[in-house]
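A closer look at the structure
Here are the chains, one letter per residue:
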Amino acid sequence: TRAAGKAAAIRLGESDELGDRALDFFANDIIGQQRNRETIAKFAADEIAQDPPKEDAQSEIDEDWLNMFSDIAAKKSNEEMQLYMGKILAGEIRQPGSFSVATIVLLAGLGGHEAHLFQKLCNISMGIRTDKKIDSFTLVEPYGKPGNNDLQSLDLDYEALSDLRVAGLITPDLTTQKPFSWATSVKFEICNRLAAFTKVHDKDIDLGSVGVISLSLSGQELRTILTLAPTPDYIEKLQEWLRTKNLQMIYILSDGTYVVATKNM
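These remarks concern the structure in this document.

Criteria and cut-off values
Note on numbering: residues in each chain are counted from 1, in written sequence order. Reporting of local features is limited, given that this is a predicted model, to residues whose pLDDT is at least 70; pairs of side-chain atoms are given and counted only at 80 or more, and all residues count toward the totals for whole chains, interfaces and linings. Heavy atoms throughout the structure, all of them, feed into the side-chain values; hydrogens and water do not. Two distance rules govern patches: like charges are joined within 9 Å, and nonpolar side chains (Val, Leu, Ile, Met, Phe, Trp, Tyr) within 5 Å, applied only to residues with over 30% relative accessible area and no salt bridge. Per-residue accessibility takes into account occlusion by the displayed protein chains alone, with areas from the Shrake-Rupley method and a 1.4 Å probe. In what follows, salt bridge is the name for a side-chain nitrogen of Lys or Arg lying within 4 Å of a carboxyl oxygen of Asp or Glu. Comment: elements are numbered from the N terminus, with helices defined as DSSP H or I runs of at least four residues and strands as E runs of at least two. Think of it this way: a Phe, Tyr or Trp ring, Trp meaning its six-membered ring, pairs with another when their centres are within 6.5 Å, and the plane angle makes it stacked under 30 degrees, edge-to-face over 60, tilted otherwise. Exposure is judged per residue with a 1.4 Å probe applied to protein chains only, and the accessible area is read against the type maximum: over 50% gives exposed, under 20% gives buried, and values in between give partly exposed. Here, a charge over a ring means that NZ of Lys or CZ of Arg falls within 6 Å of the ring centre while also lying within 35 degrees of the ring normal. Detection works on a 1 Å grid of protein atoms alone, calling trapped sets that fit a 1.4 Å probe cavities and calling open sets with protein on both sides within 12 Å along at least five of seven lines pockets, with lining residues defined by an atom within 4 Å of a point. Grid points are joined across faces, edges and corners, and a volume is the space filled by probe spheres set on the points. Any residue that is not Ala, Val, Leu, Ile, Met, Phe, Trp, Tyr, Cys, Pro, Asp, Glu, Lys or Arg is counted as polar, Gly included; the first ten are nonpolar and the last four charged.

**Some details on a nonpolar patch on the surface**
- On the surface, a nonpolar cluster with roughly 200 Å² of combined accessible area is contributed by Met68, Val101 and Val105.
- Looking at the element boundaries, Val105 is found in helix α5 (residues 101-108).

**Some thoughts on unusual backbone geometry**
- If you check the backbone angles, Asn149 has positive phi at about 65° while not being a glycine.
- Inspection of the secondary structure assignment puts Asn149 in the loop between β2 (133-139) and α7 (158-166).
- Positive phi is not limited to glycine here, since Asp155 has a value of about 65°.
- In this fold, Asp155 is placed in the loop between β2 and α7.

**Overview of the packing of aromatic side chains**
- Per the stated rule, a full pass over the model turns up 9 aromatic pairs.
- Each ring, one from Phe180 and one from Trp182, has its centre 5.4 Å from the other, and the planes form 80°; the classification is edge-to-face.
- Relative accessible area serves as the criterion here: at 11%, Trp182 is assigned to the buried category.
- Among the aromatic side chains, those forming a connected cluster through ring pairs are Phe137, Phe180, Trp182, Phe188, Phe197 and Trp241.
- Lying over the aromatic face of Tyr251, Arg193 brings its terminal NZ or CZ to 3.9 Å of the ring centre.
- The ring of Tyr143 carries the charged tip of Lys237 above its face, separated from the ring centre by 5.6 Å.

**Description of the layout of surface pockets**
- There is about 1,400 Å³ of room inside the largest pocket.
- Those elements that provide at least two residues to the lining of the largest pocket are α2 (16-50), α4 (79-94), β1 (126-130), β2, β4 (188-190), β5 (193-199) and α8 (217-223).
- Of the residues contributing to the lining of the largest pocket, the split by class is 13 nonpolar, 13 polar and 15 charged.
- Taken as a whole, the second largest pocket holds about 260 Å³ of empty space.
- Listing elements by their share of the lining of the second largest pocket, those giving two or more residues are α4 and α6 (112-122).
- Broken down by element, the lining of the second largest pocket gets its largest block of residues, 5 residues, from α6.
- Classifying every residue of the lining of the second largest pocket gives 9 nonpolar, 5 polar and 1 charged.

Here it is, written out as structure tokens:
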């Protein structure tokens, strides 16, 4: 290979040394890319080992998807990004089709600033499972209108939300109206905990619609690989607002019992 490189350099009128440097660069680049791929594969293997699938997937991973993933994985040397890529690969192994190519491309171009803001938003988001997908959104009605900087106390002012919108992590409209009729009939997930809304008193009130920030399809897919942590101030504000609706949020424990959610738990 080195002899061929030197011959090519001579043919192009370049020095042997230039051919050597080109080959060294080429070899180092290949080794570095393979190291990145294998690191991500190791993260994926560890992820699956921690939570092995109960049964084989019903289909194979799409070859075009895998080729695209491999190309992007080869160029990711940041450890945090490699961990995210490993979680995506593990999720795709468990259930092919869980992550779109668009989501991988979006993650590849995501900057640290946007990733930090997205983590904050997801920490106050909830997800409702529908047809094997999770509808993820943040209930913002307790605070007001995001476009008026009403989420500024949570470090999610208008500018921050605009950055998330430009990054493709939330839908174009900062706030959408969502019917709240599901509130007393559907269990949901918040910060990886099963939760629900229950009545405080045995009386009915008109729940109407509420304002939410909806995650984009890619945002919803990426949310599944994050480690989420409750935001105490948000939980407290949410509970205060729910009481005006004759509701409260509860956490459903593994034994079926429940506890009322508070800012300290």
